Amino acid sequence: MITGIGLKVFEINEFNKLMNINKEKFINEIFTLEERKYCEKRKNGSLAVRFAAKIAWMKATGEPDIFNFLDIEIVNDELGKPNIRLYGEALLFFKKMQLQESVLSLSHSKNIATAFVVLQK
């Protein structure tokens, strides 16, 4: 059963402006070490689309303001499929709500980053 849907779409230029205010602090507060390592190997948009995915997951919960970005990690399996790993408050929420799965779809172009999340029981 679907219990939540979250969508985030934004321009990569806007993400870059936000990130460049204090790049090192922003990156360290939003992205895990694994996410940063993965994105260093990829072209433009990888961090932006992961940021969109975290926001989409938060929106899908209906409680977007209670989570820490570092408690939501976007990883890829061996075939490249994106997945969500949860830690801390995000994981506690997931278990408390008896959720079974977070389904994630990502897409980005040169200019736009998009993430879509479905939470299921």
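Anyway, here's the lowdown on the structure attached to this text.

Rules used throughout
- Every residue gets a number counted from 1 within its own chain, in the order that chain's sequence is written.
- Only residues with pLDDT of at least 70 get local features here, since the model is predicted, and only at 80 or more are side-chain atom pairs given and counted; chain-wide, interface and lining totals rely on the full set of residues.
- Hydrogen atoms and water are omitted, and side-chain values are computed over all heavy atoms in the structure.
- Starting at the N terminus, helices and strands are each numbered in turn, a helix being any DSSP run of H or I of at least four residues and a strand any DSSP run of E of at least two.
- We take the radius of gyration over the C-alpha atoms and set the globule estimate at 2.2 Å times the residue count to the 0.38 power.
- Exposure classes here rest on a 1.4 Å probe applied to the protein chains alone. A residue is buried below 20% of its type maximum, exposed above 50%, and partly exposed in between.
- Only heavy atoms matter for contacts: two residues are in contact if any of them lie within 4.5 Å across the pair.
- Only the protein chains shown count as covering a residue, and every accessible area follows the Shrake-Rupley method with a 1.4 Å probe.
- In this charge count, Lys and Arg are treated as positive and Asp and Glu as negative; neither His nor the chain ends contribute.
- Every charge is mapped to an atom, namely NZ of Lys, CZ of Arg, CG of Asp or CD of Glu.
- Arc, as used here, means the arc of the directions from the helix axis to the C-beta atoms.
- Aromatic pairing here means that ring centres of Phe, Tyr or Trp (its six-membered ring) are within 6.5 Å. Orientation follows from the plane angle: under 30 degrees is stacked, over 60 is edge-to-face, and everything else is tilted.
- Angles shown run from 0 to 180 degrees and are taken between the N-to-C directions of axes, each axis being a line fitted to C-alpha atoms and, for helices, limited to the stretch in contact.
- Salt bridge criterion: a side-chain nitrogen from Lys or Arg within 4 Å of a carboxyl oxygen from Asp or Glu.

## Points about the overall build of the chain
Thinking step 1. Along the chain, the regular secondary structure elements total five helices and five strands.
Thinking step 2. Listed by position from the N terminus, the elements making up the chain come as β-α-α-α-α-β-β-α-β-β.
Thinking step 3. Taking 14 Å as the expected radius of gyration for a compact globule of 121 residues, we find that the chain reaches 14 Å, a close match to that expectation.
Thinking step 4. C-alpha atoms of the chain, sized along the principal axes, occupy 35 × 25 × 25 Å.
Thinking step 5. The proportion of buried residues among the 121 residues of the chain is 40%.
Thinking step 6. Nonlocal contacts in the chain, meaning residues at least 24 apart in sequence, comprise 57% of its contacts between residues at least 6 apart.
Thinking step 7. By element, 52% of the accessible surface of the chain is carried by carbon and sulfur atoms, the whole surface being about 7300 Å².
Thinking step 8. Distance between charge centroids for the chain: 3 Å, based on 18 positive and 15 negative side chains.

## Quick notes on helix H2 (residues 23-30)
Since there are 3.6 residues in each turn of an α-helix, residues three or four apart along the chain are aligned in direction.
Thinking step 1. For H2, every residue scored as buried is listed here: Phe26, Ile27 and Ile30. Looking straight down H2, one finds its buried side chains confined to an arc of 95 degrees; they lie on one side.
Thinking step 2. Among the structural elements, helix H1 (12-20), helix H3 (33-40) and helix H4 (46-61) are those in contact with the buried residues of H2.

## Comments concerning the packing of aromatic side chains
Thinking step 1. Scanning the model with the defined rule gives ten aromatic pairs in all.
Thinking step 2. Plain terms: the ring middles of Phe10 and Phe51 are 5.9 Å apart, the flat faces sit at 85 degrees to each other, and that makes the pair edge-to-face. Taken as a pair, Phe10 in strand E1 (residues 2-11) and Phe51 in helix H4 lie far apart in primary sequence, 41 residues in all. Across the pair, exposure class does not vary: Phe10 and Phe51 are buried alike.
Thinking step 3. Ring geometry for Phe15 versus Phe26: centroids 5.8 Å apart, planes at 65 degrees, classification edge-to-face.

## Things to note about the packing of H3 against H4
Thinking step 1. Interaxial distance between H3 and H4 falls to 9 Å at its minimum, and their mutual angle equals 145 degrees. For the pair H3 and H4, the contacting residues are Glu35, Tyr38 and Cys39 in the first and Ser46, Leu47, Arg50 and Lys54 in the second.

## Here's the deal with the pattern of salt bridges
Thinking step 1. A full pass over the atoms with the stated rule returns five salt bridges.
Thinking step 2. A salt bridge links Glu14 to Lys17; the nearest nitrogen and oxygen atoms lie 3.4 Å apart. With Glu14 and Lys17 both in helix H1, this residue pair falls three residues apart, about one helical turn.
Thinking step 3. Lys17 sits in the exposed class, given a relative accessible area of 55%.
Thinking step 4. Ionic pairing is found between Glu35 and Lys54, a salt bridge with its closest N-O pair at 3.0 Å. Note that Glu35 is positioned in helix H3 and Lys54 in helix H4, a separation of 19 residues in sequence.
Thinking step 5. Under the relative-accessibility criterion, Glu35 is labelled buried at 0%.
Thinking step 6. Classification of Lys54 by relative accessible area gives buried; the value is 0%.
Thinking step 7. A network of salt bridges, in which partner residues are shared, links Glu34, Glu73 and Arg85.

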